[in-house]
Structures are given as structure tokens and as C-alpha cells.
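Listed here are the chains, written in short residue letters.
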Amino acid sequence: MQNIRSIFLMLAGATVFVAMLLFTFSVTLAVGGILTVLMVGRALSMKMKPAPVRAKANNGKREMRVWNDGRGTIIDL
């Protein structure tokens, strides 16, 4: 009788261990998937946002800026 009870306890323990292992693995996969989706969404939303434009206060005098962007000369009056 002792032998049957010890075998039953061993199998129950192994079953609990495997169940906890599968639960941990599935939670890890779920959290990893959620984080991946959030990172991809953030990366795509950063690409779609236009670059911020810096503006300076006009203090009465305007400076003329001239530069070449590789496609032609730009004159900002």
C-alpha cells in the first residue's frame, strides 16, 4: 500500500510540476508577444509622425539663409 501511495504522490508531483512549467512558458510567450506588438506599433507610429519644425521669434530683423540641400540652392528670405 505504501508503494502505491508513493507512486501516486510522485505522479501527482510530476503533473503539478509540468503544469506549472507550461503555465510559466505560456505567460512568458504572452508577455513577449504583447511587448513585441507594442514595440512594433511604437516604431511605426514614430515613422508616421512628421519631424517637428523649429520656429524662432521674429525680433524685428530677418536674416537671409542660403543653403544647398543636394538638389539645389535654397534661399530663405
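Keep in mind that this is a model prediction, so the values were computed, not measured. (Residues numbered from 1 in each chain as written. Predicted model: local features only at pLDDT ≥ 70, side-chain atom pairs only at ≥ 80, totals over all residues. Heavy atoms only, no water.)

Participant: Sorry if this is basic, but what is going on with the overall build of the chain here?
Facilitator: Helix and strand content of the chain: one helix and two strands. Element order for the chain, N to C, with α for helix and β for strand: α-β-β. Every one of the 77 residues in the chain was classed for burial, and the buried ones make up 0%. When the accessible surface of the chain is split by element, carbon and sulfur atoms take 70% of a total near 7800 Å². (Helix = DSSP H or I, 4+ residues; strand = E, 2+ residues; numbered from the N terminus. Buried < 20%, exposed > 50% of the residue type's maximum accessible area, 1.4 Å probe, protein only. Areas by Shrake-Rupley, 256 points an atom, 1.4 Å probe, with all protein chains shown as cover.)

Participant: I tried to follow the pairing of strand β1 (residues 65-68) on my own but got confused; where do I start?
Facilitator: Every other side chain in a regular strand lies on the same face of the sheet, so the side chains alternate between the two faces. Examined bridge by bridge, β1 and strand β2 (residues 73-76) share four bridges and lie antiparallel to one another. When the sheet's bridge partners are listed, V66 is paired in β2 with I75. If you look at the hairpin formed by β1 and β2, you'll find four residues sitting between the two strands, and G70 has a positive phi there, around 95°. (Pairing = 2+ DSSP bridges.)

Participant: What is the right way to read the UniProt feature "transmembrane region" (unreviewed entry) in the chain from this model?
Facilitator: The UniProt record marks residues 6-39 with the feature "transmembrane region" (unreviewed entry), using the residue numbering of this structure. Along residues 6-39 one finds 100% helix and 0% strand; the C-alpha atoms at either end are 49 Å apart. (UniProt positions renumbered as here; feature names shortened; annotations may be inferred.)

Participant: Sorry if this is basic, but what is going on with the environment of D69 here?
Facilitator: Checked against the element boundaries, D69 lands in the loop between β1 and β2. A relative accessible area of 35% places D69 in the partly exposed class. From its side chain, D69 meets the backbone nitrogen of R71 in a polar contact 3.0 Å long. Within the structure, the side chain of D69 is placed 3.3 Å from the backbone nitrogen of G72, a separation counted as a polar contact. (Polar contact = N/O pair within 3.5 Å; in protein donor to acceptor, adjacent residues only side chain to side chain.)

Participant: Teacher, can you tell me more about the pattern of salt bridges here?
Facilitator: Once their charged atoms are close, side chains differing in charge can pair, the charge on each being opposite to the other. Inspection of every chain in the model, using the stated rule, returns one salt bridge. With a shortest N-O distance of 3.4 Å, D69 and R71 are connected by a salt bridge. (Salt bridge = Lys/Arg side-chain N within 4 Å of Asp/Glu carboxyl O.)

Participant: Sorry, what's going on with a nonpolar patch on the surface here?
Facilitator: A cluster of nonpolar side chains, F23, V27, V31, I34, L35 and L38, forms an exposed patch at the surface whose accessible area comes to about 580 Å². One can find V31 in helix α1 (residues 2-48). Residue class for V31 comes out partly exposed when judged on its relative accessible area of 45%. (Patch = residues over 30% accessible without salt bridge, like charges linked within 9 Å, V, L, I, M, F, W, Y side chains within 5 Å.)

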